[in-house]
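Structural characterization, general
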Amino acid sequence: MENGLKLDTFQIEQEITINAPRGQVYKALTEEIDQWWAYRLSGTAKSTLTLEPKVGGRFLETWHNDEGALWGSVMYVKAPEEIRLNGLLGMRGAVNSAYSFLLEDKGDETILKVSHHASGLLDPQWKEMHDSGWKELIGKFLKEYVESGKKPDLS
């Protein structure tokens, strides 16, 4: 065990229902991610998040000059049904992390399924932190943004 990290894995599966058509949810998830994704690695609200919804695209946070962080790389896209990424999502060290968003029509609503798998040198708290983080990001911030236009306070 080095720096509190130990060889481990975790898997998170979550599902939420958003009262909006799938295309609108997909657009918010990709093109409008800076509007509702409240977590920032920069430690400042003055950063910008972009997600390029194409194979090889980047999920990127940029701030002052050329500084920034690559949250993930897009591995698979089938708009507006699914997008899969690989990336650290704020974790550090020797970690393999894959996460995906699957969008399904349910009448006038969209069921969004989030899947996140990580393995490598993990902090024992990361699973719980990411589990609650996804619940807040997707179940609160994205849902509220899509359904009512409400943006989280980034200050």
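Look up a bit, the structure's there.
In this report, we go over the structure that sits alongside the text. Since we're looking at a predicted model, the values are computed, not measured.

Rules and cut-offs
- Residues numbered from 1 in each chain as written.
- Predicted model: local features only at pLDDT ≥ 70, side-chain atom pairs only at ≥ 80, totals over all residues.
- Heavy atoms only, no water.
- Pairing = 2+ DSSP bridges.
- Helix = DSSP H or I, 4+ residues; strand = E, 2+ residues; numbered from the N terminus.
- Contact = heavy atoms within 4.5 Å.
- Buried < 20%, exposed > 50% of the residue type's maximum accessible area, 1.4 Å probe, protein only.
- 1 Å grid on protein atoms, 1.4 Å probe; cavity = no way out; pocket = protein on both sides within 12 Å on 5 of 7 lines; lining within 4 Å.
- Points joined across faces, edges and corners; volume = space filled by probe spheres on them.
- Nonpolar A, V, L, I, M, F, W, Y, C, P; charged D, E, K, R; others polar.
- Salt bridge = Lys/Arg side-chain N within 4 Å of Asp/Glu carboxyl O.

What follows deals with the pairing of strand E3 (residues 58-62). For strand E2 (residues 48-51) and E3, the ladder comprises 4 bridges, and the chain directions are antiparallel. Residue Leu51 lies in a different strand from E3, and its bridge partner there is Phe59. The antiparallel pairing of E2 with E3 creates a hairpin that spans 6 residues between the two strands, and Gly56 there sits at a positive phi of about 90 degrees. Counted between consecutive antiparallel strands, the loop separating E3 from strand E4 (residues 68-78) contains 5 residues, among which Asn65 sits at a positive phi close to 50 degrees.

Relative to the helices and strands, Ser100 is located in strand E6 (residues 95-106). Residues contacting Ser100, with those up to four places away along its chain left out, are Ile83, Arg84, Lys113, Val114 and Ser115.

All right, on to unusual backbone geometry then. A cis geometry characterises the amide bond from Ala79 onward to Pro80, with omega recorded as -5 degrees. By the secondary structure assignment, Pro80 is in the loop between E4 and strand E5 (82-86). Phi is positive for Leu89, close to 50 degrees, though the residue is something other than glycine. Relative to the assigned elements, Leu89 resides in the loop between E5 and E6. For Leu89, a relative accessible area of 8% puts it in the buried group.

What follows covers empty space enclosed by the protein. It is a probe the size of a water molecule, rolled over the atoms, that shows where empty space is left. This structure, assessed with the given rule, holds 1 cavity of 30 Å³ or more. Each pocket or cavity is described by its volume, and for the largest cavity that value is around 50 Å³. Those elements giving two or more residues to the lining of the largest cavity turn out to be helix H1 (22-30), E5 and E6. Classifying every residue of the lining of the largest cavity by side-chain character gives 9 nonpolar, 1 polar and no charged.

This paragraph deals with the pattern of salt bridges. Where charged atoms from two side chains of opposite charge approach closely, those side chains can pair. Applying the stated criterion across every chain, the model contains 11 salt bridges. The partner of Glu32 in a salt bridge is Lys27, and the shortest N-O contact between them spans 3.9 Å. Judged by relative accessible area, which is 22%, Glu32 ranks as partly exposed. Taking relative accessible area as the criterion, Lys27 reaches 39% and is therefore assigned partly exposed. Across the pair Glu82 and Arg84 runs a salt bridge, and its minimum N-O distance is 2.8 Å. On the accessibility criterion, Glu82 (15% relative accessible area) is buried. The structure contains a network of salt bridges with shared partners spanning Lys140, Glu144 and Lys150.

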